[in-house]
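Summary of structural features
The primary structure of each chain is shown beneath.
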Amino acid sequence: MMSFSRQQGELNIEGCAVSALAERFGTPLYLYSRAAIEQAWRAYDAAFADREHLICYAVKANANLAILQLLAKLGSGFDIVSGGELERVLKAGGQPQKIVFSGVGKSRAEITRALEVGILAFNVESEAELERISEIAQALGKTAAISLRVNPDVDARTHPYISTGLKDNKFGIDIHRAGAVYAHAAQLPGLNITGLDFHIGSQLTEIEPLVDALSRSLALVDRLAEQGIILEHLDIGGGLGIAYQDETPPTPAALATAIKPLLANRPQRILMEPGRAIVGEAGLLVTQVEYIKTGHRDFAIVDAAMTDLLRPALYDAWQRIETVDAGQGEARFYDIVGPVCETADVLGRERHLALAPHSLLAVFDAGAYGFAMASQYNARPRAAEVLVDGNQAHIIRHRESLESLWQGEVLLEPS
Ligand SMILES: *Cc1c(COP(=O)(O)O)cnc(C)c1O
């Protein structure tokens, strides 16, 4: 990724020295490369340029308004999973008619609002949801465009927590029952059946499960056509992985090459919902060493924690960690841990690094599911976020204040 480079050993993001940004904005600090985000989005767009298509960025990967805004400006659509994400997209200037709404638990209020603003489609995950959407649409005198999220029962071969396309998962409608559910949908008032979608999991490193899911879905599309149900779009979900370590995930171009033969002579518009593949590699988490503690194991205790970057604690995920400078003194194997009172509060284990007290560290590939999963556990204000554009650095979220920690809370009596 060209957005990150070293000059005389010093890490740069685009035209800015990471150490200077850490000095200016403090740590822990999220840094994103605008060029990297745009390049990743355009790679997807270019891969499907010869077909009618819409890239619906999965907002949950990184929902910062500035990032949504820059994607909206590129022409992106959005895949949302809550009413909160809907409002974020609208606030950032996203167009309602480019929004698909996924998620297993859409509330009445969320469905109502989505119908009022006029989204592209609901990705419906159950029959009960179908009935709820029909009822609300009818009451509002609107028609809801719906797509059924089918569960194609394929093994995405990724971490069990981020695998969603097996029949044991809570997601989607069993593909073997989907024909009957479509037939039911066709009978319900207030609905317009426009599509079919699936999303089989995240951090996929192989194409075959996606190709499998698509070909099972296309067989269903053909059966539906025989029932007189003609679909306008096919949504192949998100899930392409990024190279955290030594994975070699398929590129969008490879994905397009693999699936286009299956889609030949099919008129449907292709939708996709990438999240991680758009923003993952564009982000760094910068953190400073607070203490070095040596003994049976060597620990570098840093000012970032699982509250800033949860993936290592939640999924035992590995992310590359390097010093921001060229390194100081002799390298040793350190466990990089945060200040939170949890044994799981680890950013990386046994990392060979040349550290001094106060060294700055960069955790790479932190643009997706990084800040988005941050919390205030242990009463830690959340980090600042900065978007780097050439030699300009834009603050896109201020570091939280201490007051923000108890915002909305109410004392029982004046203190
Ligand atoms: C999480 C999610 C995505 C995005 O997944 P990535 O692995 O980040 O590309 C897309 N669609 C749905 C329905 C999701 O839940």
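Residues numbered from 1 in each chain as written. Predicted model: local features only at pLDDT ≥ 70, side-chain atom pairs only at ≥ 80, totals over all residues. Heavy atoms only, no water.

Overall, the coordinates contain 4 aromatic pairs when judged by the stated rule. Geometrically, the ring pair formed by Tyr-30 and Tyr-32 is stacked, given 6.1 Å between the ring centres and 15° between the ring planes. Accessibility expressed as a relative area gives 0% for Tyr-30, which makes it buried. Taking the relative accessible area as the measure of exposure, Tyr-32 reaches 1% and is therefore buried. Ring geometry for Phe-101 versus Phe-122: centroids 6.0 Å apart, planes at 25°, classification stacked. Note that Phe-101 is positioned in strand β7 (residues 99–101) and Phe-122 in strand β8 (residues 121–124), a separation of 21 residues in sequence. (Phe/Tyr/Trp six-rings, centres within 6.5 Å; stacked < 30°, edge-to-face > 60°. Buried < 20%, exposed > 50% of the residue type's maximum accessible area, 1.4 Å probe, protein only. Helix = DSSP H or I, 4+ residues; strand = E, 2+ residues; numbered from the N terminus.)

Residues in a regular strand project their side chains so that they alternate between the two faces of the sheet. The alternating pattern of strand β6 (residues 77–80) places Gly-77 and Asp-79 on one face and Phe-78 and Ile-80 on the opposite face, and all of these are buried. Judged from the 3 bridges that link them, strand β5 (residues 53–58) and β6 form a sheet pairing that is parallel. Counted as the bridge partner of Tyr-57 is Phe-78 from β6. Two elements, β6 and β7, share 3 bridges in a ladder whose sense is parallel. Counted as the bridge partner of Ile-80 is Phe-101 from β7. Once you follow β6 into helix α4 (residues 83–91) and on to β7, the crossover reads as right-handed. (Pairing = 2+ DSSP bridges. Right-handed = clockwise from strand over helix to strand, strands pointing away.)

This part takes up the UniProt feature "active site" (unreviewed entry) in the protein. Those places that UniProt annotates as "active site" (unreviewed entry) correspond, in this numbering, to Cys-341. Inspection of the secondary structure puts Cys-341 in the loop between β17 (332–337) and β18 (346–353). By relative accessible area, Cys-341 is classed as exposed at 65%. (UniProt positions renumbered as here; feature names shortened; annotations may be inferred.)

Another aspect to go through is the pairing of strand β9 (residues 144–151). Counting buried positions along β9 gives 8 out of 8 residues, so the element sits mostly inside the fold. Both faces of β9 are covered, namely the face carrying Ala-144, Ile-146, Leu-148 and Val-150 and the face carrying Ala-145, Ser-147, Arg-149 and Asn-151. Examined bridge by bridge, β8 and β9 share 3 bridges and lie parallel to one another. Within the sheet, the bridge partner assigned to Asn-123 lies in β9 and is Ser-147.

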